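Examining the three-dimensional arrangement
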Amino acid sequence: MSQPHILPFVNPATGEQFGQVAMAAPDEITLAHKEMRQAFQVWRRKPLSERIRILRQFQAEIIDSMDEISAVINQDTGKSRQDGWVEVNMTVDRMHQYYKLAPKWLARRRVPPGLYMFKQYYTEPHPFGVVAVIGPWNYPFDLCVPPMCSALLAGNTVLLKPSEVAPAVGVMIEKLIQRVPELAPFVRVLHGDGAVGAQIVASRPDLIFLTGSTATGFKIAQAAAETLTPFIYELGGKDPMIVFDSADVAAAAKWGTWGAFYNTGQTCMGIERVYVQSGVYDEFVTAVLAQTRQIKIGYTTETDSQFDMGPLTFERQVHIVKDHLQDALDKGARILTGGELKGLFMEPTILVDVDHSMKVMREETFGPIMPIMKFDDESEAIWLANDCDYGLSAAVWSGDMRQAKRVAHRLDVGSVNINDAISHYPVSLLPFGGVKLSGNARTHGKEEILQFTQMRSYAIGAPPNPLDIATVFRSPGHYRLGKAITRFAFGVTPRQRLEPITELLGENGLDDKVGQAIKVTGAVAVATAVILGLLRSRK
């Protein structure tokens, strides 16, 4: 029997290994899927209130373990303990809101019955079944736990694959799950690299949820297409920041710099490219340089860190950042400050003389580089911001709120921040997600829960009632009645609505019985239309 492959826990700040975990073998993945398939039949039948009760136990365990979790995040990613706490806090904030509001979001909804006045119709969300949640390394706790809990809340069971780049956090999540015995049977954590992820996808879960790179998204999309497995994905970003002449330049420089370098630039909704109007370009660049030169780089395990930036998380990201930087320099860009690398620590870097021929302006860098480009007018700023395959978020800085809102609504992104950076993401009930290559997922709020469900519809009632107007149309000979109903109920103009009545009053050449029958039929049509109008308005 072959030995399992091992994922080492390596602190990117020190290079020290502090643990390891065995990767899931193919037979373990098969067994885990089988167990979650069986467990789904139990979990889905638990009342929502019971699922919430159990998940609240998990929330309580996370809060009690906050120091332990932040310490693991600190060791595994090089983040400060405070930034580790940020992940924990965002996680429990969302969970807390979801558990309060889920009974409303997941409730059965009545639907007006149309022509069937004696039947009831409703729709309600149902879980998919076994959901595979594949998490990333840049926020390994916040981007794994909430989607896992959302899928569980909706009634699914979960196969969770944390990132192999932050495996200690994945083991921490597994420990937290195991500490809640009522929850543990309904989640399986499968540790491993891309090969393990591919095997999970090949096991044919009922839904795949990925937070990761665009390259990974393409691979999973191709594999999922072979089995028509539904696939939801939150991918990369190349978020632009636009600074107009009327902006508070000092604030834009301060918070734009923070948005570019927070988490060492490894934030999907961080500032990746900056466009500054010519009138304040020089002032903005000067202010940005002053802010950047104050940033402290380093690492500590202490809870209160003096450092603003830690290391890049792993070697592969260093290669991408270096490649983008060198490509820009080769094409005429200039470094005003930064650019040096010592191990996985990189100085925050300000680039100017950049353009859209450079990778640093078009591809996701995911590192501490802020490229700044000048523009002349509003139309050019919008064109430059939209000239990108990504569309996750954007920031607009302007002292003219009408201009800021106008520009915001013309940007091809999922979220826009006016006069700030990143602050849209921590709001638990504000939907977050991208367009274009940034993905189709929506996290935060009702949309996050409902994407883990399928809407199903039901029609309830006794056998067809002859008084239902729709029952009448199951037999032939009622074209004129149907035409009258369509005109009266759905007519756009007064003429269309009145035509059934005028036609009845204008009937000639018919004996009294036929004429009376038509009038009665018309009255039924009119009455039916009125009833339908009332039913449509009732909700």
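Attention in this report is confined to the structure presented alongside it. Not measured: the values here are computed from a predicted model.

Scoring rules and cut-offs
- Residues numbered from 1 in each chain as written.
- Predicted model: local features only at pLDDT ≥ 70, side-chain atom pairs only at ≥ 80, totals over all residues.
- Heavy atoms only, no water.
- Helix = DSSP H or I, 4+ residues; strand = E, 2+ residues; numbered from the N terminus.
- Buried < 20%, exposed > 50% of the residue type's maximum accessible area, 1.4 Å probe, protein only.
- Areas by Shrake-Rupley, 256 points an atom, 1.4 Å probe, with all protein chains shown as cover.
- Lys, Arg positive; Asp, Glu negative; His and termini not counted.
- Charge placed at Lys NZ, Arg CZ, Asp CG, Glu CD.
- Pairing = 2+ DSSP bridges.
- Axes fitted to C-alpha atoms, helices over the stretch in contact; angles between N-to-C directions.
- Contact = heavy atoms within 4.5 Å.
- Parallel < 35°, antiparallel > 145°, perpendicular 65-115°, else oblique.
- Left-handed = near helix turned anticlockwise from the far one by under 90°.
- 1 Å grid on protein atoms, 1.4 Å probe; cavity = no way out; pocket = protein on both sides within 12 Å on 5 of 7 lines; lining within 4 Å.
- Points joined across faces, edges and corners; volume = space filled by probe spheres on them.
- Salt bridge = Lys/Arg side-chain N within 4 Å of Asp/Glu carboxyl O.
- Polar contact = N/O pair within 3.5 Å; in protein donor to acceptor, adjacent residues only side chain to side chain.
- Nonpolar A, V, L, I, M, F, W, Y, C, P; charged D, E, K, R; others polar.
- Expected span 1.5 Å × (residues − 1).

For the rest of this paragraph, the subject is the overall build of the protein chain. Secondary structure assignment for the protein chain yields 18 helices and 21 strands. Principal-axis analysis of the C-alpha atoms places the extent of the protein chain at approximately 100 × 65 × 40 Å. Residues classed as buried in the protein chain amount to 53% of the 539 residues present. Carbon and sulfur atoms provide 54% of the accessible area of the protein chain, an area that totals close to 24300 Å². Between the averaged position of the 55 positive side-chain charges in the protein chain and that of its 58 negative side-chain charges there is a distance of 12 Å.

Read from one edge to the other, the open sheet built from 5 strands follows the order E7-E6-E5-E8-E9, with strand pairing classed as parallel. For this open sheet the edge positions go to strand E7 (187–189) and strand E9 (231–234), each flanked by a neighbour on one side alone. Direction aside, the axes of adjacent strands within the sheet are offset by 15° on average. In this structure, strand E5 (residues 130–134) lies alongside strand E8 (residues 207–211), joined through 4 bridges in parallel fashion. Along E8, the bridge assignment pairs alanine 132 with isoleucine 208. Sheet strands touched by helix H1 (residues 26–43): E5, strand E6 (157–161) and E7. Its angle to E6, the strand with the most contacts, is close to 145°.

With that out of the way, let us pick up the packing of helix H2 (residues 48–64) against helix H4 (residues 81–105). Two elements in contact, H2 and H4, have axes whose closest approach is 10 Å; the angle formed by their N-to-C orientations is 165°. Classified by the interaxial angle, the pair formed by H2 and H4 is roughly antiparallel. The two elements H2 and H4 meet at a crossing, and its hand is left-handed. Along the contact surface, H2 presents Leu48, Ile52, Leu55, Arg56, Phe58, Gln59, Ile62 and Ile63, while H4 presents Val88, Val92, Met95, His96, Tyr99, Lys100, Ala102 and Pro103.

Before going further, it helps to examine the layout of surface pockets. One number sums up the size of the second largest pocket: a volume of about 660 Å³. Every residue lining the second largest pocket is counted, 29 residues in all, and those nearest its centre are Asp83, Trp258, Phe261, Tyr262 and Asp308. Elements with a minimum of two residues in the lining of the second largest pocket: H4 and helix H9 (249–261).

Scanning the entire structure with this criterion turns up 19 salt bridges. The partner of aspartate 323 in a salt bridge is lysine 359, and the shortest N-O contact between them spans 2.8 Å. You can see aspartate 323 sitting in helix H11 (residues 315–330) and its partner lysine 359 sitting in the loop between strand E15 (349–352) and strand E16 (369–375), a full 36 residues away along the chain. On the basis of relative accessible area, aspartate 323 is assigned to the partly exposed category, the value being 35%. One salt-bridge network, in which partners are shared between bridges, spans Glu50, Arg53 and Glu182.

Time to look at the side chain of threonine 157. Note on placement: threonine 157 falls in strand E6. Looking at threonine 157, its side chain comes within polar contact range of the main-chain oxygen of methionine 36, at 2.9 Å. Once residues within four sequence positions are removed from consideration, threonine 157 is found in contact with Met36, Ala39, Phe40, Trp43, Gly129, Val130, Val131, Leu152 and Phe186.

Moving on, we get to empty space enclosed by the protein. Picture a little ball the size of a water molecule; that probe, rolled over the atoms, points out where space is still empty. All told, the structure shown has 3 cavities of 30 Å³ or more when counted by the stated rule. The volume enclosed by the largest cavity comes to roughly 150 Å³. Lining the largest cavity are 19 residues, and of these Gly78, Lys79, Ser80, Met309 and Gly310 sit closest to its centre. A per-class count over the lining of the largest cavity returns 4 nonpolar, 12 polar and 3 charged. Taken as a whole, the second largest cavity encloses approximately 80 Å³ of empty space. Forming the walls of the second largest cavity are Arg94, Asp142, Leu143, Pro147, Phe209, Thr211, Glu234, Cys268, Met269, Tyr425, Phe432 and Thr443. For the lining of the second largest cavity, the residue count by class is 7 nonpolar, 2 polar and 3 charged.

For helix H3 (residues 66–77), which comprises 12 residues, the first-to-last C-alpha distance of 16 Å matches the rise-based estimate of 16 Å (1.5 Å per residue) to within 8%. When H3 is considered as a whole, its buried residues turn out to be Ile69, Ser70, Val72, Ile73, Asn74, Asp76 and Thr77. Backbone geometry just downstream of H3 places glycine 78 in the positive-phi region, at approximately 85°.

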